[in-house]
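# Observations on chain architecture
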Amino acid sequence: MNRSRFIQQAIGLGPIWESREGWFADHPAEISRQALIQAHHDQAIAELHQPASTATATAPAVQPAAPILASEKDKPQPVSPATTVLPAVASPIGQIPSWEQLEQTVANCERCTLCRTRTQTVFGRGNPQARWMLIGEAPGEHEDRQGEPFVGKAGQLLDNMLAAAGLDRDRDVYIANVLKCRPPGNRNPAPEEILACQGYLQQQIQHVRPVLIVALGRFAVQTLLQSEQAIGKLRGQVHQYQGIPLIATYHPAYLLRNLPDKAKAWQDMVLAKQQFSRLTQTA
Ligand code: SF4
């Protein structure tokens, strides 16, 4: 039995396969995402504090961020200490909306053009008091229809990996995405959409205050760490997001298309479990 097959069986998953066109398409990135984020960051943060009715969707048109390329399959390497952390939205927990207010604000949000094509927003799922927080990219077709993150085959894989790690999706973790609305056709999130929406995620994190964050997929990892490095370079080690340890790993939908990387994803879950145990034992 080869290694990927062994890992598949270990996490109780059959050899299923799901194609999500456009997620990892190989296209040139003509504008540096990092430079774009730097250029628009102040504008986005300012907009996030405006009432939704006055928020603008005036961010200039930009190219999609760079896709995951072959380098993602590289062995994990230590990250440069220069890797930066996304600045917090300036509000302390006492000044951010309540969980219910935040959920309602997201449900009515029109900060970016994705509001025109969504069926509904996907706020998150799980236990808001959980000590684990999983953060993915954006709703897909099934999520848009059902209003929950990680449903369908990718959700099944995530559930199996959580179960293998002794975690229940509804009891032990809270799951959210960087974007709360589905990009049409499951295309890559545009940088201005990430910038428009990331404040909601930051406020969710401030509410949940998890012991550990697991970032799933390139967009979540790069957004939270403000890094352009591939997941292959960022996984396999412990990062920090605003003082919260963060483990980077592959998105379940990617793993469904790249079975050999399931072994690496499982290694990341083992690392996350070890880190969580260490943190909670010393707390
Ligand atoms: S993706 Fe985020 S910022 Fe854009 S409309 Fe949906 S909730 Fe608002």
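Residues numbered from 1 in each chain as written. Predicted model: local features only at pLDDT ≥ 70, side-chain atom pairs only at ≥ 80, totals over all residues. Heavy atoms only, no water.

### Thoughts on the pattern of salt bridges
Tallying each qualifying case throughout the model produces eight salt bridges. Residue R171 is joined to D172 by a salt bridge in which the shortest nitrogen-to-oxygen separation is 2.6 Å. A relative accessible area of 51% places R171 in the exposed class. When its relative accessible area of 19% is taken as the criterion, D172 is described as buried. A single network of salt bridges, built from pairs that share partners, joins R125, E148 and D170. (Salt bridge = Lys/Arg side-chain N within 4 Å of Asp/Glu carboxyl O. Buried < 20%, exposed > 50% of the residue type's maximum accessible area, 1.4 Å probe, protein only.)

### So, the pairing of strand 3 (residues 173-177)
Counting buried residues in strand 3 gives five out of five residues, a clear majority hidden from the surface. Of the two faces of strand 3, the one lined by V173, I175 and N177 and the one lined by Y174 and A176 are each fully buried. Alignment of strand 2 (residues 132-136) against strand 3, held across five bridges, turns out to be parallel. If you follow I135 over to strand 3, its bridge partner there is A176. (Helix = DSSP H or I, 4+ residues; strand = E, 2+ residues; numbered from the N terminus. Pairing = 2+ DSSP bridges.)

### Regarding the site of the ligand
The local shell around the ligand consists of C109, R111, C112, L114, C115, R118, K180, C181, A196, C197 and Y200. Taken together, the residues that form the shell around the ligand break down as eight nonpolar, no polar and three charged. (Near = heavy atom within 4 Å. Nonpolar A, V, L, I, M, F, W, Y, C, P; charged D, E, K, R; others polar.)

### A closer look at the side chain of N186
With respect to the secondary-structure elements, N186 resides in the loop between strand 3 and helix 6 (191-208). The class of N186 is buried, set by a relative accessible area of 11%. Here R182 takes part through its side chain, which lies 3.0 Å from a polar atom of the side chain of N186. (Polar contact = N/O pair within 3.5 Å; in protein donor to acceptor, adjacent residues only side chain to side chain.)

### What to know about the sheet that holds strand 3
One open sheet holds the six strands; their spatial order is 1-3-2-4-6-5, and the pairing between them is mixed. If you trace the sheet from one side to the other, it starts and ends with strand 1 (125-126) and strand 5 (238-241), each paired once. The pairing of strand 5 with strand 6 (residues 244-249) spans four bridges and is classified as antiparallel. Paired with V238 across the strands is I247, a residue of strand 6.

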